[in-house]
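Results of the structural survey
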Amino acid sequence: MLTMTPRLKKRALGLTLASLLLSAGSAVAADYKIDKEGQHAFLQFRIKHLGYSWIYGSFKDFDGSFTYDEQNPAADKVNVTINTNSLDTNHAERDKHLRSADFLNTGKYPQATFVSTKVEKDGDELKITGNFTLNGVTKPLTLEAKLIGQGDDPWGSYRAGFEAEGEFALKDYNINTKLGPASQNVELIISLEGVRPK
């Protein structure tokens, strides 16, 4: 029968604890695919109309992924691609105009992208800073995101859901069509679920 000296016992305990910490750390960080197929992802926007009301719209076709590490937000990442031609404000003529060179110029720039560069914890929210490319222009954009919930789903996968908000100025992306002083900025409203195998 092999007996261990106190020194060997201490070393073995240290190795066991290190192994547990490493395995726990690797289990915390996870890659999620945005649930586009299940239609549990919404990318909406709104802009003021003459300062009297809001016009709401959405992009119907977008896809992406994110990495979520609850214990280490600095390891989080977000990568989203938007097909700008999928813009929909529930008004065909307006949508045609918004797709034109006066606004998004979707014929020349059919995609917009957001690629995160930094994620920080801010209370119970996450500040996600990234490069947002729209209308051929790339500029920094910060989203304020909040975890809605996470856990197993009935189909054998694991899900995490978030909501996020952001805002940008039209002129920052070379959209210079005059809409009046109350309609200079666009607000983003995002709600999505990510899914990963267990």
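Above this text you will find the structure in question.
Residues numbered from 1 in each chain as written. Predicted model: local features only at pLDDT ≥ 70, side-chain atom pairs only at ≥ 80, totals over all residues. Heavy atoms only, no water.

1. Digging into the overall build of the chain
- From N to C terminus, the chain includes two helices and 11 strands.
- Helices and strands in the chain line up, N terminus first, as α-β-β-β-β-β-β-α-β-β-β-β-β.
- For the chain, the residues scored as buried account for 35% of the 198 residues in total.
- As displayed, the chain offers around 12,500 Å² of accessible surface, 53% of which is attributable to carbon and sulfur atoms. (Helix = DSSP H or I, 4+ residues; strand = E, 2+ residues; numbered from the N terminus. Buried < 20%, exposed > 50% of the residue type's maximum accessible area, 1.4 Å probe, protein only. Areas by Shrake-Rupley, 256 points an atom, 1.4 Å probe, with all protein chains shown as cover.)

2. A look at the side chain of Thr67
- With respect to the helices, strands and loops of the structure, Thr67 is situated in strand β4 (residues 62–68).
- Accessibility expressed as a relative area gives 17% for Thr67, which makes it buried.
- Beyond its immediate stretch of four places on either side in the chain, Thr67 contacts Ala30, Asp31, Ala75, Asp76 and Lys77. (Contact = heavy atoms within 4.5 Å.)

3. Considerations on a negative patch on the surface
- Among the surface-exposed residues, Asp122, Glu144, Glu163 and Glu165 lie close enough to one another that they form a single negatively charged patch.
- Position of Glu165 relative to the elements: it lies in strand β10 (residues 157–169). (Patch = residues over 30% accessible without salt bridge, like charges linked within 9 Å, V, L, I, M, F, W, Y side chains within 5 Å. Salt bridge = Lys/Arg side-chain N within 4 Å of Asp/Glu carboxyl O. Lys, Arg positive; Asp, Glu negative; His and termini not counted. Charge placed at Lys NZ, Arg CZ, Asp CG, Glu CD.)

4. Description of the side chain of Arg46
- Assignment of secondary structure puts Arg46 in strand β2 (residues 41–49).
- One polar contact links Arg46 to Tyr56, side chain to side chain, over a distance of 2.8 Å.
- Aside from chain neighbours lying at most four places away, what touches Arg46 is Trp54, Ile55, Tyr56, Asn185, Val186, Glu187 and Ile189. (Polar contact = N/O pair within 3.5 Å; in protein donor to acceptor, adjacent residues only side chain to side chain.)

5. Quick word on the pairing of strand β5 (residues 77–83)
- Relative to β5, β4 runs antiparallel, the two sharing six bridges. Following the sheet pairing, Phe62 is matched in β5 by Ile82. (Pairing = 2+ DSSP bridges.)

6. Observations concerning the pattern of salt bridges
- The final tally for this structure, using the stated rule, is eight salt bridges.
- Residue Glu187 pairs with Arg46 through a salt bridge whose shortest N-O separation is 3.0 Å. Here the residue Glu187 occupies a position in strand β11 (residues 185–197), and Arg46 occupies one in strand β2, the gap between them amounting to 141 residues.
- With a relative accessible area of 22%, Glu187 lands in the partly exposed category.
- Of the charged contacts in the structure, one is a salt bridge between Lys146 and Asp124, with a shortest N-O distance of 3.4 Å. In this pair, Lys146 is assigned in strand β9 (residues 137–152) and Asp124 in the loop between β7 (111–122) and β8 (125–134), connecting sequence segments 22 residues apart.
- Residue classification places Lys146 among the partly exposed positions, given a relative accessible area of 33%.
- One network of salt bridges, with partners in common, ties together Asp35, Asp153, Arg159 and Glu193.

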